[in-house]
Amino acid sequence: TNCAADSPLFMTCYQDECGRAMKQIEEEIAAPSATPSVLVSVVQFVRTSTVEHPRILSSGLTRRLDIIASLHNGVVPIHGRLFSQWLHHAFP
């Protein structure tokens with residue numbers, strides 16, 4: 001969890017869903033990069049409170065992964081800025 005000290009008397013804590021989702025992806029991929037098709041097959045089964053499981057990724061989202069991969073010799077670096085931005089669209 002992540003906590004913020006709102007006052008000297010109490011803290012507000014919340015679960016880090018982005019971190020949990022990324023951990024699931026890292027465990028499944030077990031590599032620094034993956035092809036778009038592998039990422040789609042993994043991401044559609046990542047569980048979060050924001051999207052029902054299994055998630056259906058739009059053709060626009062899958063196209064964006066293909067574009068990212070085209071910039072990196074056919075694979076998507078999972079710790080890169082572009083994949084992080086993509087995840088925010090996949091996990092609104």
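Above this text is the structure in question.
Scope of this entry: the structure provided in the associated data block. Note that the structure is predicted; figures quoted are calculated from it, not measured.

What counts and what doesn't
Residues numbered from 1 in each chain as written. Predicted model: local features only at pLDDT ≥ 70, side-chain atom pairs only at ≥ 80, totals over all residues. Heavy atoms only, no water. Axes fitted to C-alpha atoms, helices over the stretch in contact; angles between N-to-C directions. Helix = DSSP H or I, 4+ residues; strand = E, 2+ residues; numbered from the N terminus. Parallel < 35°, antiparallel > 145°, perpendicular 65-115°, else oblique. Left-handed = near helix turned anticlockwise from the far one by under 90°. Contact = heavy atoms within 4.5 Å. Buried < 20%, exposed > 50% of the residue type's maximum accessible area, 1.4 Å probe, protein only. Polar contact = N/O pair within 3.5 Å; in protein donor to acceptor, adjacent residues only side chain to side chain. Salt bridge = Lys/Arg side-chain N within 4 Å of Asp/Glu carboxyl O. Expected span 1.5 Å × (residues − 1). Arc of directions from axis to C-beta.

**So, the packing of helix 2 (residues 36-43) against helix 3 (residues 59-70)**
Between helix 2 and helix 3, the least distance of the axes is 9 Å, while the angle of their chain directions is 140°. On the basis of the axis angle, helix 2 is oblique to helix 3. When you trace helix 2 past helix 3, the crossing you get is right-handed. Judged by residue contacts, Pro 36, Leu 39 and Val 40 of helix 2 engage Thr 62, Leu 65, Asp 66 and Ala 69 from helix 3.

**As for the side chain of Arg 55**
Inspection of the secondary structure assignment puts Arg 55 in the loop between helix 2 and helix 3. The class of Arg 55 is buried, set by a relative accessible area of 2%. Among the polar contacts made by the side chain of Arg 55, one reaches the main-chain carbonyl oxygen of Val 46 at a distance of 3.0 Å. If sequence neighbours within four positions are ignored, Arg 55 has contacts with Val 43, Gln 44, Val 46, Thr 48, Ala 90 and Phe 91.

**Notes on the pattern of salt bridges**
A side chain with one charge may pair with a side chain of the opposite charge, provided their charged atoms come close. According to the stated counting rule, one finds one salt bridge in the structure shown. Of the charged contacts, one joins Glu 27 and Lys 23 as a salt bridge, the two residues approaching to 4.0 Å between their closest N and O atoms. Of this pair, Glu 27 and Lys 23 both sit in helix 1 (residues 17-29), four residues apart, which is roughly one turn of the helix.

**Details of helix 3**
A rise of 1.5 Å per residue sets the reference length of helix 3, with its 12 residues, at 16 Å; its end C-alpha atoms lie 16 Å apart and thus fit the reference within 8%. Every buried residue of helix 3 is accounted for by Leu 61, Leu 65, Ile 68 and Ala 69. Mapping the buried residues of helix 3 onto a view down its axis gives an arc of 100°, with all of them on the same face. Every exposed residue of helix 3 that faces more than 90 degrees away from the buried side is listed here: Arg 63, Ile 67 and Ser 70. Close packing links the buried residues of helix 3 with helix 2, strand 4 (76-77) and helix 4 (81-90).

**Quick look at helix 4**
Three or more residues of helix 4 are buried, namely Phe 83, Trp 86, Leu 87 and Ala 90. Looking down the long axis of helix 4, one finds its buried residues gathered within 105° of arc, a one-sided arrangement. Summarising the geometry of helix 4, the exposed residues directed more than 90 degrees from the buried face are Arg 81 and His 88. Buried residues along helix 4 sit in contact with helix 1, helix 2, helix 3 and strand 4.

**Some words on the environment of Pro 92**
Inspection of the secondary structure puts Pro 92 in the segment after helix 4. Looking at Pro 92, the relative accessible area reads 63%, which means it is exposed. The sequence separation of Pro 92 and Pro 77 amounts to 15 residues, and the corresponding C-alpha distance is 21 Å.

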